[in-house]
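# Analysis of the macromolecular model
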Amino acid sequence: MDMKKRITLELRNRNPEEITELVVDNSRSANGEIDGLTDGFTGLEFLSMINVGLSSLAKLPSLPKLRKLELSDNNLSGSLETLSEKCPNLTYLNLSGNKIKELSTVEALQNLKNLMSLDLFNCEITSLEDYRESVFELLPQVTFLDGFDQEDNEAPDSDPEDEDEDGEDVAGQTGDCDDEEDEEEDEDGSEGGEEEEDDEEEYAEEEEEEEEEDQAGVQGQKRKRDVNDEGKEEGDNEDD
């Protein structure tokens, strides 16, 4: 699918200024040039154009809010000065797998004052002697080169903002679990209370039945004694 058509599909009937992230990986550029991306994408913060056959960035539109740009596995060998002109707020740039050979090509990135992470992995420039030291010296604003800083500390996988959001989500889930457990405990407690009440009622009923039986027995014995007494009285009267 060509890049212009892919961008149209990604819009999904939205206006370009509403888009903050755009991924057109593996689409086909127009003769090595960007096609279908316009100045209307004023809110774009993340753009990925991996393996689209780019050989030039001359037609890159102005993207003032763009922070992350993925351009790996293309045919770029120059024209990087366009990035500082059109995307001045870039903090992350991936140029791995391109045809960048000379330090002079990378020098065009000096005007990207906010650039913190640069990836040139699998470019010919990485075979130069003192490659890492030279790039860090040339671009002092860069903290991470090919995923590592000057002390070989690995770059974090995500932004601190993303980590905070994840932490909040986890905390929220934990709270939900606690609430569910409390509800279950309450339900169990209620059931236990109901069972105890049922036992007490049954016990009370049994006591009442026993009392009734005892009373019935006493009344029976009394009736028996009364009958016996009446018999004795009749016998005495006959003797007289």
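Just above, that's the structure.
A quick note: this is a predicted structure, and the numbers were derived from the prediction, not measured. (Residues numbered from 1 in each chain as written. Predicted model: local features only at pLDDT ≥ 70, side-chain atom pairs only at ≥ 80, totals over all residues. Heavy atoms only, no water.)

## Details of the overall build of the protein chain
- Scanning the protein chain from terminus to terminus reveals 5 helices and 6 strands.
- Secondary structure elements in the protein chain, listed N-terminal to C-terminal, are α-β-β-β-α-β-α-β-α-β-α.
- Across the 240 residues of the protein chain, 30% fall into the buried class.
- Across the protein chain, every contact between residues at least 6 apart in sequence was considered, and the portion connecting residues at least 24 apart equals 50%. (Helix = DSSP H or I, 4+ residues; strand = E, 2+ residues; numbered from the N terminus. Buried < 20%, exposed > 50% of the residue type's maximum accessible area, 1.4 Å probe, protein only. Contact = heavy atoms within 4.5 Å.)

## Here's the deal with the side chain of Ser84
- Relative to the assigned elements, Ser84 resides in helix α2 (residues 81–86).
- Here the side chain of Ser84 touches Glu81 through a polar contact of 2.9 Å, landing on its backbone oxygen.
- Setting aside chain neighbours within four positions, we find Ser84 in contact with Ala108, Asn111 and Leu112. (Polar contact = N/O pair within 3.5 Å; in protein donor to acceptor, adjacent residues only side chain to side chain.)

## Brief notes about the sheet that holds strand β4 (residues 92–94)
- Read from one edge of the open sheet, 6 strands run β1-β2-β3-β4-β5-β6, paired in parallel fashion. Edge positions in the sheet fall to β1 (21–23) and β6 (144–145), since each of these pairs with one other strand and no more.
- Pairing geometry for β4 and strand β5 (residues 117–119), over 3 bridges, is parallel. Each residue of the ladder has a partner; that of Asn94, found in β5, is Asp119. (Pairing = 2+ DSSP bridges.)

## Here we look at the nonpolar core
- Judged by nonpolar contacts, the single largest core of 44 residues is most densely connected at Met49, Leu93 and Leu118.
- Taken together, the elements giving at least two residues each to this core come down to α1 (3–11) and α4 (131–138).
- Looking at this core element by element, the count peaks at 4 residues for α4.
- With residues up to four places along the chain from it excluded, the contact list for Leu93 reads Leu69, Leu71, Leu83, Leu109, Leu115, Ser117, Leu118 and Asp119. (Core = buried A, V, L, I, M, F, W, Y, C linked by side-chain atoms within 4.5 Å.)

## Observations concerning the pattern of salt bridges
- According to the stated counting rule, one finds 2 salt bridges in the structure shown.
- Salt-bridge contacts for Arg6 lead to Glu10; the nearest nitrogen and oxygen are separated by 3.2 Å. Of this pair, Arg6 and Glu10 both sit in helix α1, 4 residues apart, which is roughly one turn of the helix.
- Residues Arg12 and Glu10 are paired through a salt bridge, measuring 3.8 Å at the closest nitrogen-oxygen approach.
- Arg12 gets classed as exposed once you look at its relative accessible area, which sits at 56%.
- One network of salt bridges, with partners in common, ties together Arg6, Glu10 and Arg12. (Salt bridge = Lys/Arg side-chain N within 4 Å of Asp/Glu carboxyl O.)

## Observations regarding the side chain of Asp146
- Examined against the element boundaries, Asp146 turns out to sit in the loop between β6 and α5 (160–239).
- Buried within the structure, Asp146 lacks any salt-bridge partner; Arg132 is the closest side chain of opposite charge, at an N-O distance of 4.5 Å.
- Looking at Asp146, its side chain comes within polar contact range of the main-chain nitrogen of Phe121, at 3.2 Å.
- Asp146 has contacts with Leu118, Asp119, Leu120, Phe121, Thr126, Tyr131 and Arg132, leaving out every residue within four places of it along the chain. (Lys, Arg positive; Asp, Glu negative; His and termini not counted.)

## A closer look at α1
- Among the residues making up α1, those that are buried are Met3, Arg6, Ile7 and Leu11. The buried residues of α1 occupy an angular sector of 140° when the element is viewed end-on, so they sit on one face. Exposed side of α1, more than 90 degrees from the buried face: Lys5 and Thr8 are the residues found there.
- Residues of α1 that are buried in the fold lie against β1.
- Where α1 starts, the residue carrying a side-chain oxygen 3.3 Å from the main-chain nitrogen of Lys4 turns out to be Asp2.
- Where α1 ends, the next residue or the one after it, Arg12, has phi of about 50°, a positive value. (Arc of directions from axis to C-beta.)

## Side note on α4
- Considered for burial, the residues of α4 that qualify are Tyr131, Val135, Phe136 and Leu138. Considered in projection along α4, the buried side chains sweep an arc of 165° and stay on one side of the axis. Residues of α4 that are exposed and point over 90 degrees away from its buried face: Glu133 and Glu137.
- The inward-facing, buried residues of α4 abut α3 (103–106), β5 and β6.

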